[in-house]
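Each chain, letter by letter, is given below.
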Amino acid sequence: MSELVLQMKAINKYFGSSHVIKDVNMDIPKGAFVTFLGPSGCGKTTLLRMVAGFYEPDEGEILLNDKRIEKLPPYERNTAMVFQEYALFPHMSVFDNVAYGLNVKGVAKDEIKKRVTEALELMQLQGMENRFPNQMSGGQQQRVAVARALVMNPEVLLLDEPLSNLDAKLRETVRVELRQIQQKMGLSTIYVTHDQSEALSLSDLIVVLRKGVVHQIGNPQQIYFEPKTTFVADFIGTTNLILVKGTGKNTVAYGDAEVEVYKQTDKGQGYVLSIRPESAALSVEPQEGKTCLKGEITNKMFLGEKVRYFINDSLGKEWIVDMFDPGKEILSGQVYVCFADKKAWLIDEEVIDKEE
Amino acid sequence: MKEKNIGHEQTGFKTELKLLLREPPLLISIIVVFALFGLFIIYPFAKILLVPTAADWAKAVTEKEFIEAFCNTMFSSLLATTTAIVFGFIFAYAINYTDIPFKRFFQVVALLPTMAPSVVSGLAFIMLFGRRGFITWGLLHLKVDLYGAFGLWVVQTIAFFPLAYITISGVLKSISPNLELAAQNLGARGWYLFRTVTLRLATPGLASAFLLVGINTLADFGNPMLVGANYHVLATEAYTQVVGAWDLPMGATLSVFLVIPTILVFFVQRYYLEKNSYVTVTGKPVAGLMRVTCGPVAKWCFFAFCCFICSAIILIISVVCLFAFTKTFGYDWSFTMEYFIEGVMQSTVMQNSWIASLSTATITTLFGIALAFLTIRKQFPGRVLMDFLAMLPVSLPGTFIGLALILAFNDGPLSLTGTLWIIILGMTLRQMPVGYRQAVAGLKQIDKSLEQASTNLGANSFVTFKRIVVPMLKNSLSVSFVYSFMKSMNTLSTVIFLISPEWNLASVNIMSLSDHGFLATASATACGMMMTIFVTFGLVKLVLRDKINIFDL
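Residues numbered from 1 in each chain as written. Chains lettered and ligands numbered in written order. Predicted model: local features only at pLDDT ≥ 70, side-chain atom pairs only at ≥ 80, totals over all residues. Heavy atoms only, no water.

Caption draft 1: How the structure looks around the overall build of chain B. When you go through chain B residue by residue, the secondary structure sums to 24 helices and 2 strands. A globule of 553 residues ought to have a C-alpha radius of gyration of about 24 Å, and chain B, at 24 Å, matches this closely. Taken over the C-alpha atoms alone, chain B extends approximately 75 × 70 × 50 Å along its principal axes. Put simply, chain B has 553 residues, and 53% of those count as buried. The long-range fraction of contacts in chain B, counting pairs at least 24 apart against all pairs at least 6 apart in sequence, stands at 80%. Accessible surface computed for chain B: about 24,600 Å², of which carbon and sulfur atoms make up 68%. One way to put it: in chain B the 37 positive side-chain charges average out to a point 13 Å from where the 26 negative ones average out. (Helix = DSSP H or I, 4+ residues; strand = E, 2+ residues; numbered from the N terminus. Rg over C-alpha atoms; globule rule 2.2 N^0.38 Å. Buried < 20%, exposed > 50% of the residue type's maximum accessible area, 1.4 Å probe, protein only. Contact = heavy atoms within 4.5 Å. Areas by Shrake-Rupley, 256 points an atom, 1.4 Å probe, with all protein chains shown as cover. Lys, Arg positive; Asp, Glu negative; His and termini not counted. Charge placed at Lys NZ, Arg CZ, Asp CG, Glu CD.)

The following block contains the structure:
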């Protein structure tokens, strides 16, 4: 296995009486781009700040390159961070902002000049050395903030929703650049976001959090296709969550239909199946080799590359099915919802989270 | 931003004028405001400049005693301001940047002196360290004379420490903790972090605080009178010229000299420091993050410092209370109401002060919001001038305002000398900038779209103002009401020339009683004053049903 840059062991954190981080464990391999993903209040920023040292965990250990750091003050860790509001020093020029951390370390003047220039070039900020933050656009300030962190050559780079203050177009470009730079430098990176498309497109590894609990750690494909909890399935993209019963065999029962799954199920036990809208199809006649359920189309939306159908099946459950490359013909009335059994993912969670 | 506005104004002058002519109520209110400003600001200040003759000017710059007074003033206020600012800064830093215990207690104690006239610290100094002072004479049997420059330095430092602390605390609070977190994240710590980030970001605000405290020490009248002894400063010298030698022109000349540095300071602050302020470009603070930037040793040093300052303040207040309610402080400790009855109950001064201050607070608050509404929400020619005139009195020493008013309204059709009106006028001039500034800050926070939404839903300008703007401004209005009431109760320099036998005020009485050695009665009056202020706060709270905490000012 690849070397680990960061390990968290049984981290717990309380703010007053509320338990905001609950028994979090994770291993982050060197050079990986890791995203902490979750809705607001899930604890992702709190975790990031613990790595930076702004909070101390109440229980547990944090290891950075095999050294315990959870008790170290922020200035004794090499974990440069890009803040959501950038936090550029308004009284310093771009050059001085980027050079700040190196100056603190007492790096030689020539060396500072060289490294700052490199970092600014990398972020395409040449010629802006003498500007002040308030003379720059949001996108430029953001680049300065990244340059200021990169120049420290951190053991792990921390990014706290760095794109949330940029407009949609710019966000896309900066996202691609960030990923390219990270891969070029082989920099271990932790990125905090609530935007699932950002997480899917950027990450090697995604950590999905909810209410201080890690729901799943996995690569984007695992998170998308093989969600471990209904929360993950529901939070990432759109899905159909179907309540089914175990049969005691390698199948689950939904009404009269039986769907084959990857493991043996307990008879009578409740399970959840997740079927993505693009994994199912509609047809007028039932299809061979697939599970097909009879239903009626209640609504539809034409979205250009696809048509999204809303279907009520005979058990009253509403399905969402996407048909791509639809042409001009749009279905209506009675149809069959068909899906291949291997496209239906059995969510194997011990307790289905019922607090909402 | 500012340049853009001005440019816009020049090109749009005609359109603005046209718009104005289309709205007669607006036009009338603007004319009224300018007429009031002309009569009560420009006229008196022009008058005070015209009264002295060439000979007076010549005498003021050549005669040795005046030059000495000028130098003394500069020296003593520079010294006192510096120490007050340093103390205020350390205190504010301890409150905002460390996790020392008893913070809340320290905050409250530090603001207690603002409830009493600044001359109370001079009074306490006499009682403790004077020629017959409790500590120097009573306990240590020393025959020392601490009056003069040294005593003045100590007394003014204590008297103006709360102002320095409040102002600097505001400055430190406006620095986004994110920036300090970012610096820590990049490896900065302790002194380096403080020097490169915190101090640099606070510098413009600190300079403003320095100037503000500086104006107050320059204009301070009561303390130099009580403990200055032979150390003459301009404010007392002007008073002696007017009241002692009955030489009004000379008094006017001297007070003009007092204004020169403060006006300079005003312009520096207004046109240089405000432009170079960084506070607006920082992001919103992170909730739940405490910025603790110092180690344990530094923390306990800060704690010790806060204890030291607070015990000094508590000592002052308690010695004043003890003096007021014991027969003979230091010898006969039995309780007595004698002085309190003499100084507060049997005298009309407290009542007079209360009436004048309450009227002043009402006028400044209402006038402040009306002014702010004009300058912030309306476009008209002369807007910048109106803003300037409304803020101008903040830079004028009270003695100067008082003198200008008696010179201007001594006779003629508007003869106000000796009436309650001239007292209220003086207090109002002094406090107007506070009410105005509060209202401006409040109005700027209310997004214009809220008012537009109200009009869009069918409310006219008046209804919008009443139902949307005023309720949203309520907090900042009650702050400015309470503040100008308190300041008016305590002011001494503004009213020293304006009082008459018929209309004497409590703050003046405290000063003259202590000057004549009636320390116990003076202390009783000071206690009565603190009580009056507290009771009035309570009443205001009941009436407005707000949650304003004066210690959060």
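Caption draft 2: Seen up close, the sheet that holds strand S4 (residues 59–64) of chain A. Residues and elements named next belong to chain A. Strand order in this open sheet of 4 strands is S2-S1-S4-S5, and the pairing throughout is antiparallel. Bordering the open sheet on either side are strand S2 (18–29) and strand S5 (67–68), each of which pairs with just one other strand. With 2 bridges joining them, S4 and S5 adopt antiparallel strand pairing. Within S5, the residue paired with Leu64 across the bridge is Lys67. Contacts from helix H1 (residues 44–52) reach strand S1 (4–15), S2 and S4 within the one sheet, and its direction differs from that of S1 by about 120°. (Pairing = 2+ DSSP bridges. Axes fitted to C-alpha atoms, helices over the stretch in contact; angles between N-to-C directions.)

Caption draft 3: How the structure looks around the pairing of S4(A). Where S1(A) lies against S4(A), 5 bridges are found, and the strand directions are antiparallel. Bridging across to S4(A), A:Gln7 finds its partner in A:Leu63.

Caption draft 4: Looking closely at the packing of aromatic side chains. All names here are of chain A. Under the counting rule described, the total for this entry stands at 36 aromatic pairs over all chains. In this structure, Arg148 is placed above the aromatic ring of Phe89, and the distance from its NZ or CZ to the ring centre is 4.8 Å. In this structure, Arg276 is placed above the aromatic ring of Tyr224, and the distance from its NZ or CZ to the ring centre is 3.9 Å. (Phe/Tyr/Trp six-rings, centres within 6.5 Å; stacked < 30°, edge-to-face > 60°. Lys NZ or Arg CZ within 6 Å of the ring centre and 35° of its normal.)

Caption draft 5: Examining the interface of chain A and chain B more closely. Between chain A and chain B, the contact holds 26 residues from the first and 26 residues from the second. Taken over both partners, the interface formed by chain A and chain B buries close to 2,200 Å², and the fraction arising from carbon and sulfur atoms is 67%. Summed over the three residues of chain A that lose the most area to chain B, namely A:Tyr75, A:His91 and A:Tyr100, the buried surface amounts to 29% of that side. Across the contact surface, chain A and chain B share 1 salt bridge. A salt bridge links B:Arg189 to A:Glu76; the nearest nitrogen and oxygen atoms lie 3.3 Å apart. Linking chain A to chain B there are 6 residue pairs in polar contact (both at pLDDT 80 or more). Listing elements by their share of the side of chain A that touches chain B, those giving two or more residues are H1 and helix H2 (94–105) of chain A. With 4 residues, H2(A) is the largest single contributor of residues to the side of chain A that touches chain B. Along the lines of polarity and charge, the residues of the side of chain A that touches chain B split into 16 nonpolar, 5 polar and 5 charged. (Buried area = accessible area lost by both parts, 1.4 Å probe. Salt bridge = Lys/Arg side-chain N within 4 Å of Asp/Glu carboxyl O. Polar contact = N/O pair within 3.5 Å; in protein donor to acceptor, adjacent residues only side chain to side chain. Nonpolar A, V, L, I, M, F, W, Y, C, P; charged D, E, K, R; others polar.)

Caption draft 6: Main features of the sheet that holds strand S15 (residues 280–283) of chain A. Residue and element names in this part refer to chain A. Ordered in space as S15-S19-S16-S17-S18, the 5 strands form an open sheet in which the pairing is antiparallel. With partners counted over all chains shown, the strands left at the sheet margins are S15 and strand S18 (318–324), one partner each. Looking at each pair of strands side by side, their axes are set apart by 45° on average, direction ignored. Here strand S17 (residues 306–313) runs beside S18; their pairing, made up of 7 bridges, is antiparallel. Counted as the bridge partner of Lys306 is Phe324 from S18.

Caption draft 7: Layout of a nonpolar patch on the surface. All names here are of chain B. On the surface, Trp354, Ile355, Val535, Leu539, Leu542, Val543 and Leu544 cluster together to form a nonpolar patch covering roughly 630 Å² of accessible area. Those elements that provide at least two residues to the nonpolar patch are helix H17 (349–377) and helix H24 (519–544). With 5 residues, H24 is the single largest residue contributor to the nonpolar patch. The topology assignment puts Leu544 in helix H24. For Leu544, a relative accessible area of 31% puts it in the partly exposed group. (Patch = residues over 30% accessible without salt bridge, like charges linked within 9 Å, V, L, I, M, F, W, Y side chains within 5 Å.)

Caption draft 8: Quick peek at the state of the cysteines. Residue and element names in this part refer to chain A. Throughout the structure, instances matching the rule amount to 1 disulfide over all chains. The disulfide partner of Cys292 is Cys338, and the gap between their sulfur atoms is 2.3 Å. Taking the sign of the S-S torsion, 115° for the link of Cys292 and Cys338, the bridge is right-handed. Pair noted here: Cys292 is in strand S16 (residues 291–302) and Cys338 is in strand S19 (residues 334–339), with a separation of 46 residues, a long-range link. Here Cys292 and Cys338 have matching classes, each one buried. (Disulfide = S-S within 2.5 Å.)

Caption draft 9: How the structure looks around helix H20 (residues 420–445) of chain B. All names here are of chain B. Its 26 residues place the ends of H20 36 Å apart at the C-alpha level, agreeing with the 38 Å of an ideal helix rising 1.5 Å per residue. A bend of about 45° at Gln431 is the largest found in H20, and the proline Pro433 appears one to four places after it. Among the residues of H20, the N-terminal cap falls to Thr419, whose side-chain oxygen and the backbone nitrogen of Trp421 are separated by 3.3 Å. (Expected span 1.5 Å × (residues − 1). Bend = angle between axes of the 7 residues up to and from the residue.)

Caption draft 10: Structural view of the pattern of salt bridges. All names here are of chain A. Under the defined criterion, the tally for this structure stands at 15 salt bridges over all chains. A salt bridge links Lys44 to Glu161, with the shortest nitrogen-to-oxygen separation between them at 3.9 Å. Remark: Glu161 occurs in the loop between strand S7 (157–160) and helix H5 (168–185) and Lys44 occurs in helix H1; sequence separation between them is 117 residues. Comparing Lys44 with Glu161 shows no difference in burial state: the two are buried. One network of salt bridges, in which partners are shared, links Glu61, Arg68 and Glu70.

Caption draft 11: Expanded view of the side chain of B:Ser121. All names here are of chain B. For Ser121, the position within the fold is in helix H7 (residues 119–129). On the accessibility criterion, Ser121 (9% relative accessible area) is buried. Of note is the side chain of Ser121, whose polar atom sits 2.8 Å from the backbone oxygen of Ser118. In contact with Ser121, other than residues within four places in its own chain, are Val155, Ile158, Ala159, Asn223 and Ile316.

Caption draft 12: Quick peek at the packing of helix H2 (residues 13–22) of chain B against helix H3 (residues 24–50) of chain B. Residue and element names in this part refer to chain B. At a minimum axis separation of 5 Å, H2 and H3 run at an interaxial angle of 105°. As far as their axial angle goes, H3 and H2 are roughly perpendicular. On H3, the residues that touch Leu20, Leu21 and Arg22 of H2 are Pro24, Leu26, Leu27 and Ile30. Residues that form the contact of H2 with H3 fall into these classes: 6 nonpolar, no polar and 1 charged. (Parallel < 35°, antiparallel > 145°, perpendicular 65-115°, else oblique.)

Caption draft 13: Quick peek at unusual backbone geometry. Residues and elements named next belong to chain A. Even without glycine at this site, Asn65 takes up a positive phi of about 50°. Counting through the fold element by element, Asn65 comes out in the loop between S4 and S5. Owing to a relative accessible area of 23%, Asn65 belongs among the partly exposed residues under this scheme.

Caption draft 14: Representation of the pairing of strand S13 (residues 257–260) of chain A in the model. Residues and elements named next belong to chain A. Of the two faces of S13, only the one carrying Ala257 and Val259 is buried; Glu258 and Glu260 on the other face are not. Pairing of strand S12 (residues 251–254) with S13, which is carried by 4 bridges, proceeds in the antiparallel orientation. The partner of Tyr254 across the bridge, within S13, is Ala257. The antiparallel hairpin formed by S12 and S13 contains 2 residues in its connecting segment, where Gly255 sits at a positive phi of about 60°.

Caption draft 15: Geometry of the nonpolar core. Counting residues in each nonpolar core, the largest one holds 242 residues, and the members touching the most others are A:Phe36 and B:Phe91. Residue contributions to this core peak at 14 residues, all from helix H15 (residues 296–325) of chain B. Those residues in contact with A:Phe36, other than ones at most four positions away along the chain, are A:Met8, A:Met26, A:Lys44, A:Leu47, A:Leu48, A:Ile190, A:Tyr191, A:Val192, A:Thr193, A:Val207 and A:Leu209. Judged by nonpolar contacts, the second largest core, of 25 residues, contains A:Val252, A:Ala257, A:Leu273 and A:Ile297. (Core = buried A, V, L, I, M, F, W, Y, C linked by side-chain atoms within 4.5 Å.)

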